[in-house]
Structure formats: structure tokens, C-alpha cells
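Here is what each chain is made of, one letter per residue.
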Amino acid sequence: MIKACIFDMDGVIVDSAKYHYMSWQRLSKHLGFEFSEAQNEMLKGISRMNSLEIVLENAGISLPYEEKVLLCEMKNGWFNEYIDTMTSDEILPGVLDFISDLKHNNIKIALGSASRNANKILTKIGMLEMFDAIVDGTHVEKAKPNPEVFLLGAKLLDVAPQHCVVFEDAQSGVEAAIAGNMKCVGIGTEDILGKANFCISSFEGLNFAILQNKLKE
Ligand code: BG6
Ligand code: MG
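Remember, it's a predicted structure, so these values are computed and weren't measured experimentally.

A.B. asks: For this particular structure, what's the right way to read the layout of surface pockets?
C.D. replies: Space left empty within the atom packing is revealed by a probe, the size of a water molecule, rolled over the atoms. Taken as a whole, the largest pocket encloses approximately 520 Å³ of empty space. Elements supplying a minimum of two residues to the lining of the largest pocket: helix H1 (17-31), helix H3 (48-58) and helix H4 (65-83). By residue class, the composition of the lining of the largest pocket is ten nonpolar, ten polar and ten charged. Looking at the second largest pocket, its volume works out to about 290 Å³. Along its surface, the second largest pocket is lined by 18 residues, and Gly-11, Asp-15, Ala-17, Lys-44 and Asp-169 are the ones closest to its centre. Mapped onto the lining of the second largest pocket, the elements with two or more residues apiece are H1 and helix H2 (37-41). In terms of residue class, the lining of the second largest pocket is built from seven nonpolar, five polar and six charged.

Listed below in C-alpha cells is the structure:
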């Protein structure tokens, strides 16, 4: 029985994953190496510092912590330039209709994101007041695939994990949902998100009744 839905943010409710990709690409160029889309896939859902460490490791670079902090600030500065002009136009197709259908069915909703920019992005796109609970990168210690972010969301909603469905576009996020004993819908393709209960390419056409049926299959 589904009582709550927990949404990742970047790449699930808003088209901001592309800005993370552009910012990491810009940082890689600044450091003098290439950064591919396949490498970017491994960063989805991963915290800022952990992402930088993966980027540097792939390029065979090792740096002291203080320099890594500066590079994180540089990447986040560029990311913030991109999100500064964000509007509700960048909410992904079908998201608002799906959330409205969940509310009609008395399903609680939470955000479960690794982002430390969640408040700013949700404000920009006019969705800050929509969630019954918001858990982001400023509230958790353990990054996805640890389930902490989703378990805290479920706790704030007062719903047991087995009654929650997580919506995720990142491999690490799908693993976090499973580790938290929750159902998971992948936003993307099965080759990457195959561990999810099922995958969709977008929320368009999805409603609560269809979700329930698909999860029973
Ligand atoms: C996740 C993104 O939602 O948030 C990652 O998928 C990103 O790519 C992480 O690194 C942290 O985001 P931010 O905005 O705090 O750097
Ligand atoms: Mg994401």
C-alpha cells in the first residue's frame, strides 16, 4: 500500500542535471582534461565533494583537501550562475500534474535530494511550498546510496519505508531507495536504472492509479 512519494530533485522534478554536467565539464576544462557524459552518469545523486573526488580520480589527480574545497566552490559558483535564471519552465513534463493527482489521493510527498541548492532551486521554480517535507544535502551526513535521505523523509512524513515510493534518475539513488526498503521508479532507462521496480522516461501520462498497478505487476 502506497502512502507517500519521495522525489529526488535534480533530473527528476527539474531539468537541473544538465547544469551539473555543464559545471563539471567547465571545471574539467579548467583543470586541462576531458569529461564525458558517461563519467557524468556516475556523479548523479552523489554529493558535491564526492563528485569532485571521482572527477579528480578519473583524471589521475590528487589534491590537498583545501584545494578541493576551492574547486567545489568554483564548480558551485558556475552551477549557481546557470540556476540563477531558472523558472518554472524547467519543471520536467508531467511533474505538476502527477503531484496534483497524488494530493487528490491524499498521498504525502517529500523531497529527498543530495543538493545543497535545493531551497534556491525549489524557490526559483515555485515548488518550495508543495512538499510536506524537504530533506536535502544540508540535512544528511551519509550520501546516496546510503538510504539516510529517504529514511529521514519517510520519518518526517510519519510513513513506514515499505509504504513509500522513491522517484530517482541516479543509480546511487535507486540503490538508496532499495537499501531503505522502499519501492523505486527510475526516471530514465533500464540499462542504467534496472534495479528500480520499473522505469519511465517522463511523468507524462503517469497518475496514482497507474503507479499502483505498475507496482503490483
Ligand atoms: C544531486 C545531483 O542531486 O545533488 C548531483 O544529482 C550533485 O549531481 C548533488 O552533485 C549535490 O548538489 P549541489 O547542488 O549541492 O552541489
Ligand atoms: Mg537526480
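Alright, that's what it looks like, and here's the rest.
A.B. asks: Would you mind going over the coordination of the magnesium ion (ligand 2) with me for this structure?
C.D. replies: Ideal values differ by geometry: the angle at a metal is 109.5 degrees with four tetrahedral donors, but 90 or 180 degrees with six octahedral donors. Protein coordination at the magnesium ion (ligand 2) comes from Asp-8 (OD), Asp-10 (O) and Asp-169 (OD), with a distance range of 2.0 to 2.2 Å. Classification of Asp-10 by relative accessible area gives buried; the value is 13%.

A.B. asks: What exactly am I supposed to notice about the environment of Asn-207 here?
C.D. replies: Position of Asn-207 relative to the elements: it lies in the loop between strand E6 (198-200) and helix H10 (208-216). Taking C-alpha positions, Asn-207 is 8.1 Å from Asp-97, a pair spaced 110 residues apart along the chain. If near-sequence neighbours (up to four positions away) are discounted, Asn-207 is found in contact with Phe-98 and Asp-101. A polar atom in the side chain of Asn-207 sits 2.8 Å from the backbone nitrogen of Ile-210.

A.B. asks: Can you walk me through the side chain of Asp-10 in this structure?
C.D. replies: Locating Asp-10 in the fold gives a position in the loop between strand E1 (4-7) and H1. The side chain of Asp-10 is buried and forms no salt bridge, while Lys-75, the nearest opposite charge, is found at 7.6 Å. Engagement of the side chain of Asp-10 in a polar contact is seen with the side chain of Ser-16, the distance being 2.5 Å. In this structure the side chain of Asp-10 is engaged in a polar contact, spanning 3.1 Å, whose partner is the side chain of His-20. When residues no more than four places from it in sequence are discounted, the contact partners of Asp-10 are Ser-16, Ala-17, His-20, Phe-79, Ser-115, Ile-121 and Asp-169.

A.B. asks: Would you explain the site of ligand 1 in this entry?
C.D. replies: Contacts to ligand 1 come from 15 residues, most closely from Asp-10, Ile-46, Arg-48, Arg-116 and Asn-117. Between Arg-116 and ligand 1, the recorded distance is 2.6 Å, taken from a backbone N or O atom to an oxygen atom. Contacts to ligand 1 include Asn-117, whose side-chain N or O atom sits 2.7 Å from an oxygen atom. In the complex, the protein chains occlude 97% of the 390 Å² of accessible area that ligand 1 would expose alone. With respect to the detected pockets, ligand 1 is housed in the largest pocket.

A.B. asks: I keep staring at the packing of H1 against H3 and nothing clicks. Help me out?
C.D. replies: Angle between the axes and distance between the axes: these two values describe a pair of packed helices. Close contact between H1 and H3 brings their axes to 12 Å; oriented N to C, the two are set at 45°. In terms of axis orientation, H1 runs oblique to H3. For the pair H1 and H3, the sense of crossing is right-handed. For the pair H1 and H3, contact is made by Trp-24, Leu-27, Ser-28 and Leu-31 and by Arg-48, Ser-51, Leu-52, Val-55 and Leu-56, respectively. For the contact of H1 with H3, the class distribution of residues is six nonpolar, two polar and one charged.

Thresholds applied
Residues numbered from 1 in each chain as written. Chains lettered and ligands numbered in written order. Predicted model: local features only at pLDDT ≥ 70, side-chain atom pairs only at ≥ 80, totals over all residues. Heavy atoms only, no water. 1 Å grid on protein atoms, 1.4 Å probe; cavity = no way out; pocket = protein on both sides within 12 Å on 5 of 7 lines; lining within 4 Å. Points joined across faces, edges and corners; volume = space filled by probe spheres on them. Helix = DSSP H or I, 4+ residues; strand = E, 2+ residues; numbered from the N terminus. Nonpolar A, V, L, I, M, F, W, Y, C, P; charged D, E, K, R; others polar. Donors = N, O, S within 2.8 Å, 3.2 Å for Na, K, Ca; no water. Buried < 20%, exposed > 50% of the residue type's maximum accessible area, 1.4 Å probe, protein only. Contact = heavy atoms within 4.5 Å. Polar contact = N/O pair within 3.5 Å; in protein donor to acceptor, adjacent residues only side chain to side chain. Lys, Arg positive; Asp, Glu negative; His and termini not counted. Salt bridge = Lys/Arg side-chain N within 4 Å of Asp/Glu carboxyl O. Near = heavy atom within 4 Å. Areas by Shrake-Rupley, 256 points an atom, 1.4 Å probe, with all protein chains shown as cover. Sits in = over half its atoms within 2 Å of the grid points. Axes fitted to C-alpha atoms, helices over the stretch in contact; angles between N-to-C directions. Parallel < 35°, antiparallel > 145°, perpendicular 65-115°, else oblique. Left-handed = near helix turned anticlockwise from the far one by under 90°.

In short, the description is geometric, and any link to function would need to be established separately.
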